[in-house]
Amino acid sequence: MHMRKGWQRRKSLKKQQQLEERSQEKLNQKLDEAPIFPDVKKNAEFIKNLLGDSTDLITRWFTIQYTPDRRAVVMCIDGLVDSKKIDESVLRPLMLKGEEIRTKEDLWKIAYESLVQSEEVKKVSQLKEMVGSLLSGDAILFVDGYSEGLVIGVKGWPQRGVEEPRAESVVRGSREGMTETLRVNTAMIRRRLRDPDLRLKDYKIGKRTKTGVALLYIEGIADDAVVREVERRLLEIDIDSVLESGYIEEMIEDFTWSPFPQIQNTERPDSVVGHLLEGKVCILTDGTPHALIAPAVFTQFYISPEDYFDRFMIATFLRLLRAAAFLIALLLPTLYISFVSFHPEMIPPRLAIALAAGRSTVPFPSIVEAMTMELSVEILREASIRLPGPIGPTIGIVGALVIGDAAVTAGVVSPLMVIVVGLTTISSYANPSYNAAISLRLLRFPLMILGALFGLYGVVVGLLLMLAHLVKLRSFGVPYMAPIAPLRWKDLKDTLIRVPWRWMDRRPTFFRPEDHQREEGGNSP
């Protein structure tokens, strides 16, 4: 009996839910076509029903001075607006300073032109646009007898201050990082790039979230074909929500199944400006400090912003050091497995004796030994990120030392394997780009398996396949391995090495900039 009542209750709740969903769909359909009614009460009730009588919807009814028969209403979302601005810019002028209103016909014109004191005021004739502005943090005003409404810019939600980006800290350079607020980010870029040719286009992406997305480029430098292609891909995104720039990155990149990032992300406004000046485009997303840079090539993921702030000799040395770290992070465990399993004759005799002594108590083959240690380090690395700030690094270091020492003492792994994994981990941290470092971590495991199955032959085949994939990749039409493949000698000035600024008088040609000249009368060799 109780089961039957419970089933009936669930059935009635489900039916009620379906009815509510259908009524909401009908309201949404009406919203697409609904004009603003001259009756203020109808507009307010329609919006209340559309939002489901949400408790954060503030509705303020009032009458305008000298026109007591004209009712007006201001609506806003609590927490998204600055209430002081509404009081000072909207309510007080309309309720107390209406002496100049003499006839009913003048009311709307004077309210728009002089009474509403805000830098952002816009006339709107469609309810859909009014609702969109309301949910974006603006206040909306309806006046009885008028089939238009005013959208008033009074945004004022809490936001994080400008801080140094943790993932892209530098020794020399700006300490400013972008925030989660779109307009703060565009302002930081504008402050550094005072060029009237800087273009900014806004989009709303996501059917439900309607996330603000901005496309930035410099007209006259960026390739028009690339700008149009980026715009096309942005407009083709059809998704319910965009909560972070990673959604957009995955939906507009050329090869989704590639482990290599084809769009760079950065939190640094000075880095964004540097890329814009090379002829690239930038995509900013509201709600995240990470900007997307496109097109992208392989070499730019191993270049740090401070390479351009230091002298060229220091920058070149650091880039070569990062290239060496790249090779160590990718190949060191694989070479260890290959030499131990297939090519012991290639190991120097003294090292071979020490290696054999260290592995004498290890019961597992080298691939199991390496996989166990690598997976342990990856788990420790992931765990240290999730732990609270002061504890995470400490737990990571102590955990690695304790586990490594215990594993060697127990004879599970050899001492040289601990050294190999430690060098590999340190080398992977030398990469300035987090996305590119993850790619190396992913590729290391299949290379280790190939080394265990086929020795150096398998390693070489794996590297050739990886190289062929890299050469095939494109980022918005730009070859991913440019300027190395296809080879452009003049563009090699800013890859593994960096020549002095006076010799970098031309922008990289593989990005197809419309204005190639960076410095008039340059001294490039």
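Just so it is clear, the structure is predicted and the values come from calculations on it, not from any experiment.

Some details on the confidence of the model for the chain
Stage number 1. Summing up the model confidence of the chain, the mean pLDDT is 85 and the portion of residues at 70 or higher is 87%.
Stage number 2. Within the chain, helix α1 (residues 2-33) has the poorest average pLDDT of any element, 55, and strand β9 (residues 281-285) the best, 96.

Details of the side chain of E249
Stage number 1. Mapped onto the secondary structure, E249 falls in helix α8 (residues 245-252).
Stage number 2. Buried and unpaired, E249 has R233 as its nearest opposite-charge partner, separated by 11 Å.
Stage number 3. Excluding residues that lie within four positions of it along the chain, E249 makes contacts with I263, L292 and N435.

Overview of the pattern of salt bridges
Stage number 1. Evaluated as defined, the whole model comprises 28 salt bridges.
Stage number 2. A salt bridge links R160 to E180, with the shortest nitrogen-to-oxygen separation between them at 3.0 Å. Pair noted here: R160 is in the loop between β5 (149-152) and α6 (182-192) and E180 is in the loop between β5 and α6, with a separation of 20 residues, a long-range link.
Stage number 3. Residue class for R160 comes out partly exposed when judged on its relative accessible area of 32%.
Stage number 4. E229 is the partner of R232 in a salt bridge, and the nearest nitrogen-oxygen pair spans 2.5 Å. Here R232 and its partner E229 are both found in helix α7 (residues 224-235), three residues apart, which amounts to about one turn of the helix.
Stage number 5. A residue is classified by how much of its surface remains accessible, and E229, at 22% relative accessible area, is partly exposed.
Stage number 6. A single salt-bridge network, built from bridges that share partners, covers E229, R232, R233, E236 and D254.

What about unusual backbone geometry?
Stage number 1. Between A482 and P483 the backbone carries a cis peptide bond, its omega angle lying at 5°.
Stage number 2. In this fold, P483 is placed in the segment after β12 (478-479).
Stage number 3. Omega for the peptide link from A485 to P486 comes to 0°, which places this bond in the cis form.
Stage number 4. With respect to the secondary-structure elements, P486 resides in the segment after β12.
Stage number 5. A positive phi angle, close to 55°, is found at F476, a residue other than glycine.
Stage number 6. Along the polypeptide, F476 turns up in the loop between β11 (474-475) and β12.
Stage number 7. Overall, F476 belongs to the buried group, its relative accessible area being 5%.

How each quantity is defined
Residues numbered from 1 in each chain as written. Predicted model: local features only at pLDDT ≥ 70, side-chain atom pairs only at ≥ 80, totals over all residues. Heavy atoms only, no water. pLDDT = per-residue confidence, 0-100. Helix = DSSP H or I, 4+ residues; strand = E, 2+ residues; numbered from the N terminus. Buried < 20%, exposed > 50% of the residue type's maximum accessible area, 1.4 Å probe, protein only. Lys, Arg positive; Asp, Glu negative; His and termini not counted. Salt bridge = Lys/Arg side-chain N within 4 Å of Asp/Glu carboxyl O. Contact = heavy atoms within 4.5 Å.

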